[in-house]
Amino acid sequence: MPPPRRLARELAQLDGATVRIGGHLEDYRALGGVAFALVRDGSGTSQVTLKKGVSDPALFELLSSLPRESVVLVEGRVQLSQKSNRGVELLPTTVSVVSRSESPLPLGIIDKVPTELDTRLNHRVIDLRKPEVRGIFELRAHILAGLRSALASEGFLEVETPKLLRQGAEGGATLFAVDYFGEQAYLAQSPQLYKQMLISSGFERVFEIAPAFRAEPSDTVRHITEFTSLDAEMAFPDGAEAIRALLETVVLQALAHTRTALGPSASERLAAPSTPFPRIPFAEAAGWLGRSGPPRDLGADDEKRLAEVVQEKFGAPYYFLTEFPTSVKAKTFYAERQESDPSLTGYFDLYHRDLELASGGPREHRLDRLEANLRSAGLDPSGFASYLEAFRFGMPPHGGFGFGVDRLVKVLAGLPNIRESRLFPRDRYRLEP
Ligand code: AMO
């Protein structure tokens, strides 16, 4: 019986033991009378040390001829060693090749030469072997766990809604059509209609973390065609402010959870931002930007300028843009128009510098007004019969938000491009791997 396989991070506790390690052969270097092989597993890298006159000469031959990234199993004795960077090394007795890598590699794992993002994504399986790339997904997993536990502790029930739909919720231009047994169906752009319907079912507080699909033709560092949306919806919110306060709490708790999980290795980007985040009415922001005429949605240049002004005035990275004009949200038929001024909604966006992270607000829960909103968005209410049914038999006032998880990961990991926040991103030009 061979000894059990151990992970690189366990070796320091196993001085003197005979163990097996297994993983990718990251590097092999011969220096005079000694040679070092680095074997990487999911926990880190082990140093295998071969010594002339001590180790089997066949092992030098085998390891020196093996292409990098081949998978090997190495059996040997663990020895603590001041000379090794890791403080521990493995003195091998046998090496078996489990899977020989082809050579050359499409991209290097340990070479410091920068590789184009496109090349990295084309060979993503190899790219993901780099510890710093894998670290993004460890961070992502902590952020997701933090978001989940934040919402659960606020009394939200996690739900899953269908992703194959008969109608869109976020405008026709970004719908992906699917042939559904001869019928036209669409991939969900968001769980918007379903999270609202669950409020009518009496679920009170729900959230979902799931893929959302948008046929987004623009090739930017912040748009992808498949993203992860965190959606929350609550009954009887105490105005838009209660929804913003929830979003703020969720961001703070997710950051706190991630800091705790990562401990001392947590980066500065995870530090708690001061609260409350500034709340800036849309009209005021438009004024700062020197805009005149009817309100228009912000473009990328406006967002950049706005972020600079907010930085100057408040020194705050996170802020809310509030009270979106009804005309800017004309397509957002589910957004409630303000009672006191129907030219405004209670809708808001959460920004981190110039990047929109989330949108939300109070919903229209009155059937007649909702139908009117649908019509003014150019939509036929008869196409939304099952959604509208939820409003016919008693619908509580409600509200919530949609939060782009990949954008949050982009910010917190300091990534230049949102594509790097996903294992296998999808965009206008990329459908594999
Ligand atoms: P919205 O369309 O603003 O609102 O989307 C919510 C958040 O989702 C993220 N997002 C994207 N992330 C990456 N690539 C994309 N193509 C993309 N599109 C959107 C953004 C955005 O802020 N139903 C409403 C939410 C609500 O009212 O509850 C909605 O979907 O971070």
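To be clear, the structure that these remarks concern was listed above.
This write-up is about the structure you can find in this document. As the structure is a prediction and not an experimental result, all values here were calculated from the model. (Residues numbered from 1 in each chain as written. Predicted model: local features only at pLDDT ≥ 70, side-chain atom pairs only at ≥ 80, totals over all residues. Heavy atoms only, no water.)

1. Focus: the overall build of the protein chain
Scanning the protein chain from terminus to terminus reveals 11 helices and 16 strands. Projected onto its principal axes, the C-alpha coordinates of the protein chain cover approximately 90 × 55 × 40 Å. Classification of the 433 residues of the protein chain by burial places 48% in the buried group. Within the protein chain, contacts between residues at least 6 apart in sequence are counted, and of these 64% link residues at least 24 apart. Of the side-chain charges in the protein chain, 52 are positive and 57 negative, and the distance between the mean point of each set is 5 Å. (Helix = DSSP H or I, 4+ residues; strand = E, 2+ residues; numbered from the N terminus. Buried < 20%, exposed > 50% of the residue type's maximum accessible area, 1.4 Å probe, protein only. Contact = heavy atoms within 4.5 Å. Lys, Arg positive; Asp, Glu negative; His and termini not counted. Charge placed at Lys NZ, Arg CZ, Asp CG, Glu CD.)

2. A word on the side chain of R40
As for its position among the elements, R40 is in strand β2 (residues 34–41). Setting aside chain neighbours within four positions, we find R40 in contact with G22, G23, H24, E26, T45, E69, I109 and R129.

3. Brief notes about the sheet that holds strand β10 (residues 205–213)
A sheet is described by the order of its strands in space; here 8 strands give the open sequence β6-β10-β11-β16-β15-β14-β13-β12, paired in mixed fashion. The two strands at the open ends of the sheet, each matched to only one other strand, are β6 (157–158) and β12 (279–281). Bridging between strand β14 (residues 348–352) and strand β15 (residues 355–362) involves 5 bridges; their strand directions are antiparallel. Looking across to β15, one finds that H352 is bridged to L355. (Pairing = 2+ DSSP bridges.)

4. A look at the side chain of E216
If you trace the backbone, E216 turns up in the loop between β10 and β11 (226–235). Among buried Asp, Glu, Lys and Arg side chains, E216 stands out as unpaired, with R214 the closest opposite charge at 6.2 Å. Within polar-contact distance, the side chain of E216 engages the side chain of S218 at 2.6 Å. (Salt bridge = Lys/Arg side-chain N within 4 Å of Asp/Glu carboxyl O. Polar contact = N/O pair within 3.5 Å; in protein donor to acceptor, adjacent residues only side chain to side chain.)

5. Description of the site of the ligand
Taken together, the neighbourhood of the ligand is formed by 23 residues, with E170, Q192, R214, Y347 and E356 sitting nearest. At 2.9 Å, a backbone N or O of I224 approaches a nitrogen atom of the ligand. Compared with its free state, where it exposes 630 Å², the ligand has 93% of that area covered by protein. Going through the elements one at a time, α5 (192–200), β15 and β16 (398–404) are the ones with two or more residues in the shell around the ligand. Top contributing element to the shell around the ligand by residue count: β15, with 5 residues. (Near = heavy atom within 4 Å. Areas by Shrake-Rupley, 256 points an atom, 1.4 Å probe, with all protein chains shown as cover.)

6. Section: the nonpolar core
Ranked by size, the top nonpolar core spans 41 residues in total, and within it L230, Y318, F403 and L412 carry the most contacts. Excluding residues that lie within four positions of it along the chain, L412 makes contacts with L139, I143, L255, S267, R269, L270 and Y318. In terms of nonpolar packing, the next biggest core, distinct from the first, is built from 31 residues, F282, A335, L374 and Y387 among them. (Core = buried A, V, L, I, M, F, W, Y, C linked by side-chain atoms within 4.5 Å.)

7. Quick notes on the sheet that holds strand β7 (residues 164–165)
Taking strand neighbours across the sheet as the criterion, the 3 strands line up as β7-β9-β8 in an open arrangement whose pairing is antiparallel. With one partner strand each, in any of the chains shown, β7 and β8 (177–180) form the two edges of the open sheet.

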